[in-house]
Amino acid sequence: MSDQVEREGSNSIQFHNILAAALPVIKSKLFMNIDYGELDSYAEFVQYRVQRDLYELSEERAPGNISWEDFVLLMRSAEELRDVSRAVICRRMKEAFFDFDFTEKEIGLFRESDASAGDQPGGALLFSKAEGIILMGLLLYFAECAHFNRLQDTVRPGCRWEDYFHDLGHDSALWHTVLTGFRDAIQRLDFKTDWLEVGSDHGL
């Protein structure tokens, strides 16, 4: 029991440390943000995706052992699972891939395998609306940094962040590129590898 409590405490501290570090960035005047409602919708999707990936792994191990509806109920009643889910999200966000070489297309977040989620695609609540907005704002900041570094390495060597930030606010095509890369990164999120690595440490 003491090991479980220690793990939960460690995951919780990590999660809240990330939020605390991200908040000044989100409030910074040198960060291009988007509507909080849109960030909230992405946070809801990420909460769903991390749980759905764990559910699909459980289905691979024991097909038909538990329905998605019962799995959601399990998530809602198991604080340790929710705690580890938050840790998995933070872990994957740090490794998010941003592709800025894209062809214009509609970015669909859900997969074909999500159809069986039925009327409960959201899963259990893992964090508050405010916490979700901060996390997705941080991911957007990661996208801006990745794009800035890309420009520095290619067409704009020596570019300063202040100049880049100014251009984001005045060049709609540039901002569209960053936003598309950000949204595409959310669509690409796959937590299964993280569940296999992190989950094994928690007996999952």
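Located above this text is the structure these notes cover.
Residues numbered from 1 in each chain as written. Predicted model: local features only at pLDDT ≥ 70, side-chain atom pairs only at ≥ 80, totals over all residues. Heavy atoms only, no water.

Draft legend 1. Geometry of the layout of surface pockets. Taken as a whole, the second largest pocket encloses approximately 200 Å³ of empty space. Lining of the second largest pocket is provided by 12 residues; of these, S41, E44, F45, Y48 and G122 occupy positions nearest its centre. For the lining of the second largest pocket, the class distribution of residues is eight nonpolar, three polar and one charged. (1 Å grid on protein atoms, 1.4 Å probe; cavity = no way out; pocket = protein on both sides within 12 Å on 5 of 7 lines; lining within 4 Å. Points joined across faces, edges and corners; volume = space filled by probe spheres on them. Nonpolar A, V, L, I, M, F, W, Y, C, P; charged D, E, K, R; others polar.)

Draft legend 2. How the structure looks around the environment of T177. Positionally, T177 belongs in helix α7 (residues 172-188). The class of T177 is buried, set by a relative accessible area of 19%. Along the chain, T177 and A143 lie 34 residues apart, while their C-alpha atoms are 10.0 Å from each other. Excluding residues that lie within four positions of it along the chain, T177 makes contacts with F100, F102 and H147. (Helix = DSSP H or I, 4+ residues; strand = E, 2+ residues; numbered from the N terminus. Buried < 20%, exposed > 50% of the residue type's maximum accessible area, 1.4 Å probe, protein only. Contact = heavy atoms within 4.5 Å.)

Draft legend 3. Highlighting the nonpolar core. Residues M136, Y164, F182 and I186 are the most contacted members of the largest nonpolar core, which totals 62 residues. At the level of elements, α1 (2-26), α2 (36-61), α3 (68-77), α4 (79-94), α5 (129-153), α6 (161-170), α7 and α8 (192-199) are the ones that each hand at least two residues to this core. With near-sequence residues (within four places) excluded, I186 lies in contact with Y42, F45, V46, L109, M136 and L139. (Core = buried A, V, L, I, M, F, W, Y, C linked by side-chain atoms within 4.5 Å.)

Draft legend 4. Region of the structure containing the side chain of D184. Residue position: D184 is located in helix α7. A distance of 2.5 Å separates the side chain of D184 from the side chain of R188, its partner in a polar contact. (Polar contact = N/O pair within 3.5 Å; in protein donor to acceptor, adjacent residues only side chain to side chain.)

Draft legend 5. Summary view of the environment of S67. Here S67 lies in the loop between α2 and α3. Taking C-alpha positions, S67 is 8.9 Å from Y55, a pair spaced 12 residues apart along the chain. A polar atom in the side chain of S67 sits 3.1 Å from the backbone nitrogen of D70.

Draft legend 6. Focus on the side chain of R92. Note on placement: R92 falls in helix α4. Of note is the side chain of R92, whose polar atom sits 2.8 Å from the side chain of D194. If we ignore the near neighbours within four places in the chain, the residues touching R92 are L189, D190, F191 and D194.

Draft legend 7. Here's a closer look at the packing of aromatic side chains. This structure, assessed with the given rule, holds 12 aromatic pairs. For the ring pair F45 and Y48, a centre distance of 6.5 Å and an interplane angle of 45° mean the geometry is tilted. Placement of both F45 and Y48 in helix α2 is noted, with a separation of three residues, approximately one turn of the helix. Taken together, the aromatic side chains of F31, Y141, F148, W161 and Y164 make up a single cluster linked through ring pairs. Stacked on the ring of W68, the Lys or Arg R52 has its end atom at 4.9 Å from the ring centre. (Phe/Tyr/Trp six-rings, centres within 6.5 Å; stacked < 30°, edge-to-face > 60°. Lys NZ or Arg CZ within 6 Å of the ring centre and 35° of its normal.)

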